[in-house]
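Each chain is listed here by its residues.
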Amino acid sequence: MFLTGASSGIGEALARHVGAEGARLGLFARREDRLTSLVGGIERAGGRAIALPGDVTDRSKIDLAVARLVDAFGPVDIAIANAGIGVPTPAIGFDGAAAAQIVDVNVVGAIHTVAACLPSMLERRSGHLVAIASLAAFRGLPGSAAYCASKAAMRSLFESLRMDLHGSGVRVSTICPGFIDTPMTAKSRFPLPFLMTVDAGARRIARSIERGRREDAFPWPLSATVRLLGHLPAGIYDALGPIVRRTRATRDE
Ligand SMILES: NC(=O)c1ccc[n+]([C@@H]2O[C@H](COP(=O)([O-])OP(=O)(O)OC[C@H]3O[C@@H](n4cnc5c(N)ncnc54)[C@H](OP(=O)(O)O)[C@@H]3O)[C@@H](O)[C@H]2O)c1
């Protein structure tokens, strides 16, 4: 399994969980020290893993990492595009550099991951591509233009791939979690309804992958809400904007 964003949060918890169940893991992220200590923990628990330091925005680093993983453990059976960043990008004072960086890591990083792993999966007529998108993929949210755009792009990207790959032997899953307690959400100044622990989130993601779910959006109360919002006409949705902004302001006070 090739897992990006393994040094922290969801990726780290997922690596521990699937490592304990016998997966052979290639753990990719920039912070090598964290990957190395994670590998140690997984191996002490009886699993097998290697640390693959690199930046997802650098295609050559991903290619190299995948080649090292194949040398160590054989062909990649599952590739999980999990690496991601998210900072507010409000329209007033719009930070173009921050927005471009979010899209670069979340979307281009996922594209590099797919490009590095898919050809050999197609040759073997076997494999599984997984995107860790978000419930933020379903509708634009105030203050989060770049993050929402990046997650919507990931969801569409993997949906198109799934259609193209029908009958190829390669499965495609898009996971859309709500709020999970990780260093990313710890920075949030907004309310985080139905916040899940990182272990519960990782278990849920592992189960969805194992079952080959095409798309898994959870927890259900938030998933149902964003799907409902997805059907609202733009005028009605826009009218809800001030309410969402007020909810967020409450947490700021
Ligand atoms: N937490 C949530 O509530 C939530 C909900 C829905 C979706 N998600 C998604 O889940 C994924 C993981 O998020 P998280 O909450 O676990 O956040 P996190 O704890 O901040 O972890 C982010 C991971 O991405 C890696 N990363 C960031 N930039 C990278 C880069 N340029 N190259 C390689 N790796 C990079 C980080 O490693 P390094 O810094 O070591 O590179 C880290 O391992 C993200 O895609 C996020 O959008 C999270």
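Refer to the preceding data block for the structure.
How each quantity is defined
Residues numbered from 1 in each chain as written. Predicted model: local features only at pLDDT ≥ 70, side-chain atom pairs only at ≥ 80, totals over all residues. Heavy atoms only, no water. Near = heavy atom within 4 Å. Polar contact = N/O pair within 3.5 Å; in protein donor to acceptor, adjacent residues only side chain to side chain. Areas by Shrake-Rupley, 256 points an atom, 1.4 Å probe, with all protein chains shown as cover. Helix = DSSP H or I, 4+ residues; strand = E, 2+ residues; numbered from the N terminus. Nonpolar A, V, L, I, M, F, W, Y, C, P; charged D, E, K, R; others polar. Pairing = 2+ DSSP bridges. Axes fitted to C-alpha atoms, helices over the stretch in contact; angles between N-to-C directions. Contact = heavy atoms within 4.5 Å.

Draft legend 1. The site of the ligand, seen in detail. The full set close to the ligand counts 30 residues, and S8, R30, Y147, I180 and T182 are the nearest of them. Between an oxygen atom of the ligand and a main-chain N or O atom of G5, the distance comes to 3.1 Å. In the environment of the ligand, an oxygen atom lies 3.5 Å from a nitrogen or oxygen atom belonging to the backbone of G9. Contact with the protein chains removes 95% of the 880 Å² of surface that the ligand exposes when unbound. Those elements that place two or more of their residues in the shell around the ligand are α1 (9-20), α5 (145-164) and α6 (183-186). If you tally residues by element for the shell around the ligand, the top one is α6, at 3 residues. Looking at the shell around the ligand residue by residue, the classes come out as 15 nonpolar, 11 polar and 4 charged.

Draft legend 2. Quick peek at the sheet that holds strand β2 (residues 24-29). Read across the sheet, 7 strands follow the order β3-β2-β1-β4-β5-β6-β7 without closing on themselves; strand pairing throughout is parallel. Sheet topology places β3 (48-53) and β7 (215-218) at the edges, where each strand pairs with a single neighbour. With direction set aside, neighbouring strand axes in the sheet form an average angle of 15°. Across 2 bridges, the pairing between strand β1 (residues 2-4) and strand β4 (residues 78-81) is parallel. Residue pairing in the sheet places L3 in a bridge with I80 of β4. Strands in contact with helix α2 (residues 32-44) are β2 and β3; relative to β3, the strand with the most contacts, it is inclined by about 175°. In the packing of α5 onto the sheet, contacts are made with β4, β5 (127-132), β6 (170-177) and β7, and the angle to β6 comes to roughly 155°.

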